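Each chain, written out:
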Amino acid sequence: MNKMKYCAILLCCFLWGAAPVLASPLGADSFFTVDIPEGWTIEAQDKGSVTMLSPDAGIMVSLVTGLNGARSRADIVEEYRKMLDAPDVRPRADDVYEMQGHAGNIPMRGVLALGADRHVLVLLAGKVDDAQAQAIVDSLALKK
């Protein structure tokens, strides 16, 4: 099994425990939208997350949804910052935050969008500064 696929599976298992599950993030009842480039393959999917690989397996993208529950928005952001071992968090827009860290020696980049009662994390691993990765992150939008 190549390194990126192993990391994708390991990451999904880790995130499964970190974020309560909602409906499929790519389904019609999802509370957000994100554009996925042609040629990407779904490597793992469950009710609350989906992990995809770029055609060259150089970029992994995981979309993970969760319920906010009684946690404050600041607490949710801090939980993901710690998970990514990110030194800081940068606001991108209202209720959208970006953080960059690593898992071992693999670069990780997360964009967290907070809705009223739930949230979505777009997690990139590998070539996190690639144009396709940036296009995915830029396309993230919460439905009104």
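These lines cover the structure that appears in this document, whether it is placed above or below. (Residues numbered from 1 in each chain as written. Predicted model: local features only at pLDDT ≥ 70, side-chain atom pairs only at ≥ 80, totals over all residues. Heavy atoms only, no water.)

A separate point is the pattern of salt bridges. Counted according to the given criterion, the structure contains nine salt bridges. Where D95 meets R73, a salt bridge forms, and the shortest distance between an N and an O atom there is 3.2 Å. Here D95 is found in the loop between β5 (89–93) and β6 (96–103), whereas its partner R73 is found in helix α2 (residues 73–83), with 22 residues between them in sequence. On the basis of relative accessible area, D95 is assigned to the partly exposed category, the value being 29%. Judged by relative accessible area, R73 falls into the partly exposed class, the value being 32%. Among the ionic pairs, D138 bridges to R92, the shortest N-O distance being 2.8 Å. Of the two residues, D138 sits in helix α3 (residues 131–139) while R92 sits in strand β5, which places them 46 residues apart along the sequence. Note on R92: relative accessible area 35%, which makes it partly exposed. Here the residues in one salt-bridge network are R92, E98, R109 and D138, joined through shared partners. (Salt bridge = Lys/Arg side-chain N within 4 Å of Asp/Glu carboxyl O. Helix = DSSP H or I, 4+ residues; strand = E, 2+ residues; numbered from the N terminus. Buried < 20%, exposed > 50% of the residue type's maximum accessible area, 1.4 Å probe, protein only.)

Among all positions of α2, only I76, V77, Y80 and M83 are buried. Down the axis of α2, the buried side of the element spans an arc of 125°, and every buried residue falls inside it. Along α2, the residues that are exposed and aim more than 90 degrees away from the buried face are A74 and K82. Backbone geometry just downstream of α2 places D85 in the positive-phi region, at approximately 55°. (Arc of directions from axis to C-beta.)

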